[in-house]
Protein chains: 2
Amino acid sequence: MMKKVFAEIVNIGDEILYGQITNTNVQWLSTELDKIGVKVVRHSTVADEEAPILQILAEAASRADLILITGGLGPTKDDITKKTLAKYFDTELVINETILAHITAFFEARGREMNESNRLQAAMPAACTPIFNRLGTAPGMWFEQNGKVFVSMPGVPKEMEILMEDSILAKIQAFFQTPVIHHKVIHTIGIGESMLADAIADWEDSLPPHIKLAYLPNWGQVRLRLTGMGEDKEKLVEEVHAEMHKVLPLIDKYVFGFDNDELEAVLGETLAAQGKTIATAESCTGGYLAHLFTKVPKSSRYFMGGAVVYSNQAKIDQLGVLPETIDEHGAVSEATIREMAMRVREVFKTDIGLASSGIAGPDGGTPEKPVGTIWIGYADGKEVFTKKLLLTQDRLINIRMTANILLDTLRRKLKEMY
Amino acid sequence: MMKKVFAEIVNIGDEILYGQITNTNVQWLSTELDKIGVKVVRHSTVADEEAPILQILAEAASRADLILITGGLGPTKDDITKKTLAKYFDTELVINETILAHITAFFEARGREMNESNRLQAAMPAACTPIFNRLGTAPGMWFEQNGKVFVSMPGVPKEMEILMEDSILAKIQAFFQTPVIHHKVIHTIGIGESMLADAIADWEDSLPPHIKLAYLPNWGQVRLRLTGMGEDKEKLVEEVHAEMHKVLPLIDKYVFGFDNDELEAVLGETLAAQGKTIATAESCTGGYLAHLFTKVPKSSRYFMGGAVVYSNQAKIDQLGVLPETIDEHGAVSEATIREMAMRVREVFKTDIGLASSGIAGPDGGTPEKPVGTIWIGYADGKEVFTKKLLLTQDRLINIRMTANILLDTLRRKLKEMY
């Protein structure tokens, strides 16, 4: 059995301490380290000042095997991470000619002038191995000391991520000989975390000790992540695969994808494969459902368009909802949602129509139709399906949940599940 | 001059270290402490285990005056913050009858049964002052030791925020006699951070030392935050007010609001006040612009609806764009955007129409119209305004930037700025 590797993540930046920016790097790094079987034991954020940086480096080295550092590598005078690292490792800063050539080319390509502080970005602590940054001018730095590894990276999320993916993750795995890890993510919708846990409890209890399960809930969706840890990659992939195929029949109704799949994109591919087109008629979701469809590249293959019919008049003019339907039953009613779903597919000449109408709040509720009362509708050439939801008091949550429930409805219909 | 108060924020939770949840508490707390003039010197996240909690408490106490702790107060066995705090302060856990009554009432109101671990949430370290939690069953805890303050709060963001706002912020200000602080935020759009800094450089240099300026950029908007620090509230408010009125004439064209204002809501109020209505015709923004309008409560007063006209046929059928316009000039052209903006206000019978059509990417670009080529349009009864944008390669960034630029166009037109 291999030794467990412990890591700490250190973010350097006054702007984080002041609350001016969200520290997204720490979650990204934690997730990536978790995936390669490295245990993160502490996150710390300290100021752009020498004393706290030296202090956290010494503290982290006393506890962890691997210390990942982000931030403080820019060319401005505030950014003192590099100088402080040189001091911590008792080493000189030396101009690295390869990096200098890269920085020079970077400025030339952009037709910008290079000044002394830009040139000094090529100065590297002699004790480190520089890590090439193909997106920017601040290289990463890899230090080894007493069997421990310190890695310093830029704070710009995209640059940090590219450095990790290009080389640092592989270097960490090689240096620490971390175990072989294999992940499989199963995406579900339409079932809560605790119901899901009940449904698969026996299977979960029977998992071998080297395969772990995590529940990752998010906006009405729950991801199940299986993580196998071992030494033989091929064998591990087979074992994880076998466990996945044991659990899938138990939750088949709720599974919409695997690994990096997104619901909107999966549904789009299903629509494209089935040669079907779709349109949306939105009142309370106000364009958000159309946005979910259209944020997917190439969605114009199946998404023809949508009507955001906020006023009653727009429902009548744009979709041809009958005025007497709205007069008799109101805009938030089964009769209206039925017409909206049916009419939108005729208006846009599509196979499928989806519709929403409800009281998103915080105002506009009545005793009969309180805030959170929302009707959803689905229509194709053969059937019309409607459903009344009772959601929350919060406008944004109601909008997002309604859109997600409509996507889940579409998913079930495309799979002919009800 | 009062003594500077230094604070550390400690988050306790394995789920943060594993990267399973975003730590939103730390940014919220940092911002609130910054607002009352407390300097945050470190953020730390540690595991739900006794040893690292005891360690970080001792470390933080050696550096800071105020230690804010979140997480680990739930009723499950993983949550050991309270027991560990009792150990750290060498004190007993004692059932607090007032809190027990609150928890009992909480469960009764929900018709749920209360078990022993729920009852134990009323057990408080004898050394602390409990802080009432009106949203949940886990009270906060306030400890004082050697002139330092430790505050423990639940990790659920809404509960933590309510505890802070209800009482903890005021208790901190009273205990440390922090200076009087007054903030004023100015929201701008349509000007970059460095251009803005150039425009107000002389004024910024002339600010008195007790009034500070911060730039907070976000999605094409830049907030300017003025923070005054002093002892006399009334005088301070007047001074900040006077400085604000010096800078406003320099940036008047870009200012859309103050303090907690949001662009969509400000524009909505302007439309309502001017008695104007609006509709949207979206191709490349695909419903996102309509969503920005409709996520604002009561937007049905001025937002009548929108057409998401993704296909050319939808542009023709829904808006009445002439087929020959699309044939001759293409969907991404000035001729088409002009018709879209003009026609959508006729179709929805509104005063104003906004329109977008472009190549959001990542596919679909041509040498003449590369990815990021986007036309926007504005029409009212008197004029039609169109503009060609050249944005990025990233689909989501293009969608959001286009929507923001359309909102800024609307803002300028409503103010008769061009």
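Described below are features of the structure shown in this document. Please read all numbers here as calculations on a predicted model, not as lab measurements.

1. Some points on the relation of the copies chain B and chain A
Copy one and copy two of the chain differ by a rotation about an axis and a translation along that axis. Mapping chain B onto chain A is achieved by rotating through 180° and translating by 0.1 Å along the same axis, at an RMSD of 0.1 Å. Viewed as a symmetry operation, the transformation between the two copies matches a two-fold axis. In this assembly the copies share their binding face: 100% of the residues contributing to the interface of chain B also contribute to that of chain A.

2. As for the side chain of Thr386 of chain A
Residue and element names in this part refer to chain A. Note that Thr386 resides in strand E17 (residues 384–390). Separated by 2.5 Å, the side chains of Thr386 and Glu334 make a polar contact. In this view, Thr386 contacts Glu334, Ile337, Arg338, Trp375, Ile376 and Gly377; residues no more than four positions away in its chain are not counted.

3. A word on the interface of chain B and chain A
Between chain B and chain A, the contact holds 61 residues from the first and 61 residues from the second. Interface area, chain B with chain A, both sides summed: about 4700 Å², of which 50% is carbon and sulfur. The tally of links between chain B and chain A comes to 6 salt bridges. The closest approach of N and O atoms between Lys349 of chain A and Asp317 of chain B, which form a salt bridge, is 2.7 Å. At the junction of chain B and chain A, the tally comes to 37 residue pairs in polar contact (both at pLDDT 80 or more). Taken together, the residues of the side of chain B that touches chain A sort by class into 28 nonpolar, 21 polar and 12 charged. Sheet topology places strand E14 (residues 303–309) of chain A next to strand E14 (residues 303–309) of chain B; 5 bridges connect them, and they run antiparallel. The residue bridging Gly306 of chain A from the neighbouring strand is Val308 of chain B, located in E14 of chain B.

4. Observations concerning the sheet that holds strand E11 (residues 221–230) of chain B
All names here are of chain B. Strand order across the open sheet formed by 4 strands is E10-E11-E9-E12, with antiparallel pairing between neighbours. Each of the sheet's edge strands pairs with one partner strand only, and the pair in question is strand E10 (211–218) and strand E12 (255–258). Strand after strand, the sheet turns through a mean of 20° between neighbouring axes, direction not considered. Sheet topology note: the E10/E11 ladder contains 8 bridges and is antiparallel. Within the sheet, the bridge partner assigned to Asn218 lies in E11 and is Gln221.

5. Quick notes on the pairing of strand E15 (residues 352–358) of chain A
Residue and element names in this part refer to chain A. The buried fraction of E15 amounts to 7 of the 7 residues, a majority that puts the element mostly inside the structure. Burial along E15 is two-sided: the residues Ile352, Leu354, Ser356 and Gly358 and Gly353, Ala355 and Ser357 are all buried. Sheet topology note: the strand E13 (residues 278–282)/E15 ladder contains 5 bridges and is parallel. Bridging across to E15, Ala279 finds its partner in Gly353. Two elements, E15 and strand E16 (residues 373–379), share 6 bridges in a ladder whose sense is antiparallel. By the bridge assignment for E16, Ala355 is matched with Gly377.

6. Re empty space enclosed by the protein
Going through the model one piece at a time under the given rule, you end up with 2 cavities of 30 Å³ or more. Size it by volume and the largest cavity reaches roughly 190 Å³. Lining the largest cavity we find 20 residues, and of these Asn23 and Val26 of chain A together with Asn23, Val26 and His43 of chain B sit closest to its centre. Broken down by secondary-structure element, the contributors of at least two residues to the lining of the largest cavity are helix H2 (25–35) and strand E2 (39–46) of chain A together with helix H2 (25–35) and strand E2 (39–46) of chain B. When the residues that make up the lining of the largest cavity are grouped by side-chain class, the tally is 6 nonpolar, 14 polar and no charged. Forming the boundary of the second largest cavity are Ile99, His102, Ile103, Phe132, Asn133, Gly136, Thr137, Ala138 and Pro139 of chain A. Considered class by class, the residues forming the lining of the second largest cavity number 5 nonpolar, 4 polar and no charged.

7. Concerning the packing of aromatic side chains
Residue and element names in this part refer to chain A. Evaluated as defined, the whole model comprises 18 aromatic pairs over all chains. Judged by centre distance (4.3 Å) and plane angle (5°), the rings of Phe89 and Phe143 are stacked. Linking Phe89 in the loop between helix H4 (81–88) and strand E4 (93–95) with Phe143 in strand E7 (residues 140–145), this pair joins segments that are 54 residues apart in sequence. With centroids separated by 5.5 Å and ring planes inclined at 15°, the aromatic side chains of Phe293 and Phe303 adopt a geometry described as stacked. Taken together, the residues span a long stretch of sequence, with Phe293 in helix H12 (residues 288–294) and Phe303 in strand E14 at a distance of 10 residues. Phe293 gets classed as buried once you look at its relative accessible area, which sits at 1%. With relative accessibility at 0%, the residue Phe303 sits in the buried group. For Lys171, the ring lying beneath its charged end belongs to Trp142, and the centroid distance is 4.7 Å.

About the thresholds
Residues numbered from 1 in each chain as written. Chains lettered and ligands numbered in written order. Predicted model: local features only at pLDDT ≥ 70, side-chain atom pairs only at ≥ 80, totals over all residues. Heavy atoms only, no water. Least-squares fit on C-alpha atoms with pLDDT ≥ 70 in both. Contact = heavy atoms within 4.5 Å. Helix = DSSP H or I, 4+ residues; strand = E, 2+ residues; numbered from the N terminus. Polar contact = N/O pair within 3.5 Å; in protein donor to acceptor, adjacent residues only side chain to side chain. Buried area = accessible area lost by both parts, 1.4 Å probe. Salt bridge = Lys/Arg side-chain N within 4 Å of Asp/Glu carboxyl O. Nonpolar A, V, L, I, M, F, W, Y, C, P; charged D, E, K, R; others polar. Pairing = 2+ DSSP bridges. Axes fitted to C-alpha atoms, helices over the stretch in contact; angles between N-to-C directions. Buried < 20%, exposed > 50% of the residue type's maximum accessible area, 1.4 Å probe, protein only. 1 Å grid on protein atoms, 1.4 Å probe; cavity = no way out; pocket = protein on both sides within 12 Å on 5 of 7 lines; lining within 4 Å. Points joined across faces, edges and corners; volume = space filled by probe spheres on them. Phe/Tyr/Trp six-rings, centres within 6.5 Å; stacked < 30°, edge-to-face > 60°. Lys NZ or Arg CZ within 6 Å of the ring centre and 35° of its normal.

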